[in-house]
Every structure is written in C-alpha cells, then in structure tokens.
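Commentary on secondary and tertiary structure
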Amino acid sequence: MERRVSVKVQRYASNGLPPRIEQYEVPQKEGMTILDALMFIKENLDGSLAFRASCRMGICGSCAMFVNGYPYLACHTQIHEIGKQELIIKPLPNFPVVKDLVVDLSSLFDRHRTVLPYLIRSEEPDDTRPIVQRPDELEAFLKFSYCIKCGICVSGCPTCASDPTFLGPQALAQAWRYSADNRDEGFAKRKESLDRPHGVWNCHLAGACSEACPKGVDPALGIQRLKRALIASYFGLFRKRKATLGPPVSWEAAPPEGAPRPPERTVTPEDTSLSGD
Amino acid sequence: MKEGLGWFFQLFTGLFLVALLGVHMLGMHMDTLLPRFGMGYKDPLVFQEVLKRGHAPLFVAFYVVFLGLALYHGFYGLRAVLMEVWASSRTLSSINMLVWSLGLFLFFLGTAVSVGFFLV
Ligand code: HEM
Ligand code: SF4
Ligand code: FES
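Attention here is on the structure that accompanies the text. (Residues numbered from 1 in each chain as written. Chains lettered and ligands numbered in written order. Predicted model: local features only at pLDDT ≥ 70, side-chain atom pairs only at ≥ 80, totals over all residues. Heavy atoms only, no water.)

Things to note about the overall build of chain A
Tallying secondary structure elements over chain A gives 10 helices and 7 strands in all. Buried positions account for 42% of the 277 residues belonging to chain A. For chain A, the exposed area adds up to about 15,300 Å²; of that, 55% sits on carbon and sulfur atoms. Side chains of chain A carry 35 positive and 33 negative charges; the gap between the two charge centres is 7 Å. (Helix = DSSP H or I, 4+ residues; strand = E, 2+ residues; numbered from the N terminus. Buried < 20%, exposed > 50% of the residue type's maximum accessible area, 1.4 Å probe, protein only. Areas by Shrake-Rupley, 256 points an atom, 1.4 Å probe, with all protein chains shown as cover. Lys, Arg positive; Asp, Glu negative; His and termini not counted. Charge placed at Lys NZ, Arg CZ, Asp CG, Glu CD.)

What about the coordination of the iron atom of ligand 1?
There is one protein donor for the iron atom of ligand 1, and it is H73 of chain B (NE2), at 2.0 Å. On the secondary structure map, H73 of chain B appears in helix α3 (residues 57-85). (Donors = N, O, S within 2.8 Å, 3.2 Å for Na, K, Ca; no water.)

Quick word on the packing of helix α3 (residues 106-114) of chain A against helix α7 (residues 168-179) of chain A
Residue and element names in this part refer to chain A. Interaxial distance between α3 and α7 falls to 9 Å at its minimum, and their mutual angle equals 25°. By the angle between their axes, α3 is roughly parallel relative to α7. For the pair α3 and α7, the crossing hand works out as right-handed. Residues L108, R111 and H112 of α3 form the contact with α7, whose participating residues are G168, Q170, A171 and Q174. Looking at the contact of α3 with α7 residue by residue, the classes come out as 2 nonpolar, 4 polar and 1 charged. (Axes fitted to C-alpha atoms, helices over the stretch in contact; angles between N-to-C directions. Parallel < 35°, antiparallel > 145°, perpendicular 65-115°, else oblique. Left-handed = near helix turned anticlockwise from the far one by under 90°. Contact = heavy atoms within 4.5 Å. Nonpolar A, V, L, I, M, F, W, Y, C, P; charged D, E, K, R; others polar.)

Considerations on helix α8 (residues 187-194) of chain A
All names here are of chain A. Taken as a whole, α8 has its buried residues at F187, R190, S193 and L194. Take α8 and look down its axis: the buried residues cluster within an arc of 105°, on one side only. Turned more than 90 degrees off the buried face of α8, the exposed positions are A188, K189 and E192. Residues of α8 that are buried make contact with α3, α7 and α10 (219-234). (Arc of directions from axis to C-beta.)

So, the site of ligand 1
What surrounds ligand 1 is the set H204 of chain A together with W7, Q10, L11, G14, L17, V18, H73, G74 and G77 of chain B. Residues within reach of ligand 1 are spread across chains A and B. With respect to ligand 1, the side chain of W7 of chain B contributes an N or O atom lying 3.4 Å from an oxygen atom. Those elements giving two or more residues to the shell around ligand 1 turn out to be α1 (3-29) and α3 of chain B. When residues of the shell around ligand 1 are assigned to their parent elements, the largest contribution, 6 residues, is made by α1 of chain B. Its residues placed into classes, the shell around ligand 1 shows 4 nonpolar, 6 polar and no charged. (Near = heavy atom within 4 Å. Polar contact = N/O pair within 3.5 Å; in protein donor to acceptor, adjacent residues only side chain to side chain.)

Side note on the layout of surface pockets
In this approach the atoms are scanned with a rolling probe the size of a water molecule, which exposes any empty space left behind. Residue and element names in this part refer to chain B. The space that makes up the largest pocket amounts to roughly 360 Å³. Taken together, 16 residues line the largest pocket, and the ones lying closest to its centre are Y72, F75, Y76, V99 and W100. Going through the elements one at a time, α1, α3 and α4 (89-119) are the ones with two or more residues in the lining of the largest pocket. Looking at side-chain class alone, the lining of the largest pocket contains 9 nonpolar, 4 polar and 3 charged residues. Size it by volume and the second largest pocket reaches roughly 270 Å³. (1 Å grid on protein atoms, 1.4 Å probe; cavity = no way out; pocket = protein on both sides within 12 Å on 5 of 7 lines; lining within 4 Å. Points joined across faces, edges and corners; volume = space filled by probe spheres on them.)

Topic: the interface of chain A and chain B
Taken together, the contact pairs 16 residues of chain A with 12 residues of chain B. Roughly 1,300 Å² is buried in total at the junction of chain A and chain B, and carbon and sulfur atoms are behind 70% of that figure. On the chain A side of the contact with chain B, P197, W201 and Y234 of chain A bury the most area, a combined 35% of that side's loss. Connecting chain A to chain B are 0 salt bridges. Counting the contacts that link chain A with chain B gives 4 residue pairs in polar contact (both at pLDDT 80 or more). Of all the secondary-structure elements, those providing two or more residues to the side of chain A that touches chain B are α6 (158-162) and α10 of chain A. Of the residues forming the side of chain A that touches chain B, the biggest block, 3 residues, is contributed by α10 of chain A. Split by residue class, the side of chain A that touches chain B holds 6 nonpolar, 6 polar and 4 charged. (Buried area = accessible area lost by both parts, 1.4 Å probe. Salt bridge = Lys/Arg side-chain N within 4 Å of Asp/Glu carboxyl O.)

Taken by themselves, the reported measurements are silent on function.
Listed below in structure tokens is the structure:
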C-alpha cells in the first residue's frame, strides 16, 4: 500500500483574516524531504501555497520553517526524521509573516549589518602579499563562518521572542566570526554595536540557537567568547597575534623544487567545444 | 556606565553569593547539619542568638555586604528582564531609575536596621 503523509500547513495572506490550517495528503516516497512534500502540494494540489526555497541543498538559507514545533531547513530534513505521519508546518517564529510560510527576514539582515560583518584592516591591503594564517587561527573562527543566514537560531531564541531589538544569535555569532579572525582589526569598531543595551549582554545562554542551527555554527559559544573578549578588552587583555604578511607572490614564478605537481592533462583545449571554433 | 561592566559585576556578585548564601543557608537554615561536625551553633533562630549576632561587628558587616551584593545581583537581573519585556529605547531610562531607586532604598533600609540595631 502507498504510504501517505498528512501535511497541515498554516495559511495566511495578510488580508486581515486570521491564519488558518489547511490539510493535504501527500504520497510519501523514500528519502522525501519536507520541501519535496511542499513542492508536491504546490504542483499537484494547491498552486496558491507560498513558501520560499532556492538551492534545495541546505546552502541558501531560504527554506527555514517550523515543523511540529521545531525549526528546520525544509530541504535538509526528510519526513521520516520527524517520526510522525502528520506534519504541522508553520512559518518561522519571531519574524513577521508575509504569506503562508514566507517570513520577512529583513530584521535579520539589518541586525547582521550593524555588527560590521566583514574583515576590517587598518591599512590598505597589499594584493601581492598574502596574510599568513596558521591552522589554529583558521580553527578559531571556521565553524562560525558556516552561517547561511536562515534565521533558525533567531526563531528559537527566547530573548528574541520578547525583545525584537536584541541583536540576536545570528548577528552576534557573526560579530565573533570576524573578531576572532587573525586578519581582522575591527573589534574596537564592532564594540559600539555589541556593548550596549539590547546588545550582547542580553544573551542569557539559553542555548536554543546552538541546538537548532542546521549548520553546526554554535552561536551560543561565539556569543560567550564575544562576552569574554569584551570584558578582557576593558582591562586591555583582548589580544590576538598580529597577522603577518607572507612573502610576495609572483604569479609567474615556477613552483619550488619538490612541490606537488598538478596531474597530467588528459584533455587539451582543442578537444573541447570551448577551444573557440 | 559601560553596559558590560554592569553585567560583569552581576557575574562577580553571583560568585560571591555562592559563598555568602552558602554561609547563610548552612548557618541559619541547615542548622542541624553543622553541629554534627562540631561546627556552628544550635538553634540560630532563637531570639537570644539573633540578638548576639546583631551586636557582633563581623556579623553586621556580613549583613551589609550580603545585602548590597544580593540587591545589586537581583535588581540588575530584574532590569534585564524588564528591558526585554518593555523593549524600547524610551523605556530604558525609566527602568534604570526604577531599579536604582528601589535597590538603593532597600539597601539603606536594610543597612539602617542592622547598623541601628548594632548601635543601640
Ligand atoms: C548561588 C548564588 C547565585 C549565583 C551563582 C547566581 C548567578 C547568576 C548569573 C551568572 C546570572 C546571569 C545570567 C544571565 O546573564 O543571563 C544571574 C542572573 C540573575 N540572578 Fe542570580 N545567582 C545567584 C543567586 C541569586 C539570588 C539570591 C537572586 C535573588 C535575589 C538572584 C537573582 C537573579 C536574577 C533576577 C537574574 C536575572 C535573570 C536573567 O538574566 O535571566 N540570583 N544569576
Ligand atoms: S547561525 Fe545557524 S541557525 Fe543561525 S542563521 Fe546562521 S545557519 Fe541559520
Ligand atoms: S532551499 Fe536552500 S537551504 Fe533549503
């Protein structure tokens, strides 16, 4: 017998009517994701259903939604992982709903911008000299750089639920991602947006962000490190090894003796349709 | 004041509270435990004992420090709760005023009682 899953979706159209739940029956295939089920509904049962998705591989951050009371990336979660034959899908909490499962993420991006989420250097970069980064210096920020800005951490955060002006786990984790980077010299500038009411100190370490993040970013850890660095900076104790510049890179120079070689060419440009003819 | 210093002081007072609250709980409310190990004293809540402590300078100092740290810790926590419930830049100064005035009032009241009792 064909296995079926019952999908209840919260519908809302910002037309003044209250949200309502609509139920659909979807044939469940092996490996089917929540996003597949929504696609099936849109293509076969109800074309008016609105949800957001793009990459379908857990990398664009578009498809976060609230499934049976927990936030997931719809494309990254198979129906069998939920362990129920009834899915109740609602839009992500802590964001205003635009339509059905589509929420307005502008507040996420606005808060992200305020923490200056990019490398800040005190001098003009020298394009010919790379900045040296040791493996442990890469490790210091690597996992925080996996953020895809899906908003799941914000949707789970109890402080965000009561205080919409709180910077939130996504922005704070990114503040640490850049501040922890040995190439960055912008911590003093970033402090203005962090060390203020509704800034980093309103994190009370509930840890919901880290538990829910589908990319393993661990925002709660980043935030605690940020707090420690800020307190240390009051006493002049926040220090990073000063980034050094490597030797000038010459793009024409031959590789040094003993360096690994690229594999032999098996296709020549003439073999391909890209050769110009 | 820097926002983070207030938070740091709450953390700091929390640490002190572990010690002070520990002494308080062990001495006053778990009074059957210490005498078993030959420490503390029996019946700490009997009026005569309360009188004795109220006239001991070390205890009075303990009361005032404990009161100050606990009030700071609790009221800074209350401030955090209130500023998240009424999140707006306009309400923050009213919350600060409320929390500081209530905290200072209770601190002076408590200090006046313990120091006043010590002096009579
Ligand atoms: C054993 C002693 C104590 C320790 C170690 C301790 C520790 C802490 C810490 C570290 C925080 C900060 C949490 C955060 O930033 O989210 C906190 C918050 C708080 N504490 Fe304490 N505390 C203690 C006793 C007390 C007492 C006796 C009171 C009541 C007077 C109290 C009331 C509060 C309040 C209201 C908060 C704010 C709650 C929040 O921010 O979520 N604490 N405590
Ligand atoms: S930290 Fe994780 S949960 Fe939060 S926005 Fe980034 S990827 Fe999503
Ligand atoms: S569709 Fe891109 S993360 Fe799900």
